[in-house]
Amino acid sequence: MTYTTIRYEVEERIARLTLCRPEVSNGFNIPMCEEILEAIGQAAGSDEVAILLIQAEGTVFSVGGDLVEMKRAVDEDDIASLVRIAELVNRISFALKKLPKPVIMLTDGAVAGAAANMAVAADFVLASSKTKFIQAFGGVGLAPDAGGLFLLSRSIGATRASQLAMTGESLTAEKALEYGLVYQVVEQEALAKAYQQLVKRLLRYSPNSYRAIKELMWKSEFEQWEDYAQLELELQRELAFKEDFKEGVRAHFERRRPRFTGR
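In what follows, the accompanying structure is described. Just so we're clear, the structure is a prediction, and the values are computed from it rather than from any experiment.

Cut-off values and rules
- Numbers given for residues are sequential positions, taken from 1 along each chain in its written order.
- The model is predicted, so local features are restricted to residues of pLDDT at least 70 and side-chain atom pairs to those at 80 or more, both for listing and for counting; the totals for chains, interfaces and linings are taken over all residues.
- Side-chain numbers come from the whole structure's heavy atoms, not from hydrogens or water.
- Numbered from the N terminus, helices here are DSSP runs of H or I no shorter than four residues, and strands are runs of E no shorter than two.
- As defined in this context, the radius of gyration uses C-alpha atoms, and a globule is described by 2.2 Å times the residue total to the power 0.38.
- With a 1.4 Å probe rolled over the protein chains alone, any residue whose accessible area is under 20% of its type maximum counts as buried; one over 50% counts as exposed, and the rest are partly exposed.
- Here, two residues are considered to be in contact whenever any of their heavy atoms come within 4.5 Å of each other.
- If DSSP finds at least two bridges between two strands, the strands pair.
- Think of each axis as a best-fit line through the C-alpha atoms, taken over the contacting stretch in the case of a helix, with angles from 0 to 180 degrees between the N-to-C directions.
- Just so you know how the angles are binned, under 35 degrees is roughly parallel, over 145 roughly antiparallel, 65 to 115 roughly perpendicular, and the rest oblique.
- The sense of a crossing depends on the near helix, which, turned anticlockwise from the far helix by less than a right angle, makes the crossing left-handed and, turned clockwise, makes it right-handed.
- Note that the arc is defined by the directions from the helix axis to the C-beta atoms.
- Under the rule applied, a polar contact is a pair of N or O atoms within 3.5 Å (in protein, one hydrogen donor and one hydrogen acceptor; residues adjacent in sequence only if both atoms are side-chain atoms).
- When two rings of Phe, Tyr or Trp (its six-membered ring) have centres within 6.5 Å they constitute a pair, described as stacked for plane angles under 30 degrees, edge-to-face for angles over 60, and tilted for the intermediate range.
- Distance and angle both matter: a charge sits over a ring if NZ of Lys or CZ of Arg is within 6 Å of the ring centre and within 35 degrees of the ring normal.

Thoughts on the overall build of the protein
- Summing up its helical and strand segments, the protein has eleven helices and nine strands in all.
- For 263 residues, the compact-globule estimate of 2.2 N^0.38 gives 18 Å, and the protein sits close to it at 18 Å.
- By principal-axis analysis of the C-alpha atoms, the protein measures approximately 55 × 40 × 35 Å.
- Counting across all 263 residues of the protein, residues that qualify as buried make up 50%.
- Restricting to contacts in the protein with at least 6 residues of sequence separation, those with at least 24 account for 71%.

Below, the structure written as structure tokens:
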């Protein structure tokens, strides 16, 4: 498959999936989501791949949903396309957790919205000191997607998860490390070295062990995700058709605070 929004390369047993839409801060649209899922599937089905690495071009890892696409959808009354993205980003997080191989994510800059929740779905996050994780949903009248609250509550506890979702406050790399969301925090220039050291360690052990560990973790913690995912999508669909969502998107582009009314 020829990719247009990502790069997918396999070298020395590492599959590198790179987000390549820096002009929109690597925002997710339908083609990008579909290509990410295709690449994860390739990594899952290849005996040549031992580890999946996810990284991004540009100074922002990802803003989550493509805000330009959101504005287009609001202006053209094409909310159905945004519901489709909500469905796809949940499938991406789901696929990362089900992948029977270690998933490493390298983050730098803002990791917002769905991207922040995909980071929780990874097995290892190596973050630069400039990384910030942001649950950027309330500002546009939506709820966390990509399995966000399901994953976060199991990782950092229900209270902290709901507080981050409700306030939208930035979580620094150091705070994320303290919470247990991040494996290691280093300076930007040290990310590559930290990644190489982790990969070297992971490649020492049997792929059979990783497959069993991830299957056991799924059975232990994540089997109820499918029921949760259905509710998440139903609520996101409902929110996307409300006036508050449209107001949130318009306010972002008009550089003002949204005036939410609960409608």
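Structural notes on the pairing of strand β6 (residues 124-128)
- In terms of residue burial, β6 counts as a mostly covered element, since five of its five residues are buried.
- Covered by surrounding structure in β6 are Phe-124, Leu-126 and Ser-128 together with Val-125 and Ala-127, the residues of both alternating faces.
- Here three bridges tie β6 to strand β9 (residues 184-186), and the two strands are oriented parallel to one another. The residue bridging Leu-126 from the neighbouring strand is Gln-184, located in β9.

A look at the packing of helix α4 (residues 114-121) against helix α5 (residues 148-156)
- Between α4 and α5, whose axes approach to 9 Å, the crossing angle comes to 45°. The orientation of α4 with respect to α5, classified from their angle, is oblique. Seen along the crossing, α4 lies across α5 with a hand that is left-handed. Contacts between α4 and α5 involve Asn-117, Val-120 and Ala-121 from the former and Gly-148, Leu-151, Leu-152 and Ser-155 from the latter.

Describing helix α2 (residues 67-75)
- For α2, the set of buried residues is Glu-69, Met-70, Ala-73 and Val-74. For α2, the arc enclosing every buried residue in end-on projection is 135°, short of the 170-degree limit, so these residues lie on one face.
- Taken together, the buried residues of α2 touch α3 (79-98) and α11 (243-253).
- Between the side-chain oxygen at the start of α2 and the backbone nitrogen of Val-68 there is a gap of 2.9 Å, and the oxygen is on Asp-66.

A look at the packing of aromatic side chains
- Throughout the structure, instances matching the rule amount to ten aromatic pairs.
- Taking 5.6 Å as the distance between ring centres and 25° as the angle between the ring planes, the aromatic pair formed by Phe-150 and Trp-225 counts as stacked. Of this pair, Phe-150 sits in helix α5 while Trp-225 sits in helix α10 (residues 225-240), placing them 75 residues apart in sequence.
- Exposure remark for Phe-150: the relative accessible area of 3% places this residue in the buried category.
- Residue Trp-225 is classed as buried on the basis of its relative accessible area, which comes to 0%.
- For the ring pair Phe-150 and Tyr-228, a centre distance of 5.2 Å and an interplane angle of 50° mean the geometry is tilted. Here Tyr-228 lies in helix α10 and Phe-150 lies in helix α5, a separation of 78 residues in the sequence.
- Its end group placed over the ring of Trp-218, Lys-98 keeps NZ or CZ at 4.6 Å from the ring centre.

Regarding the environment of Thr-261
- Tracing the sequence through the fold places Thr-261 in the segment after α11.
- When its relative accessible area of 53% is taken as the criterion, Thr-261 is described as exposed.
- Separated by 90 residues in sequence, Thr-261 and Leu-171 place their C-alpha atoms 28 Å apart.
- A polar contact is formed between the side chain of Thr-261 and the backbone nitrogen of Arg-263, at a distance of 3.4 Å.

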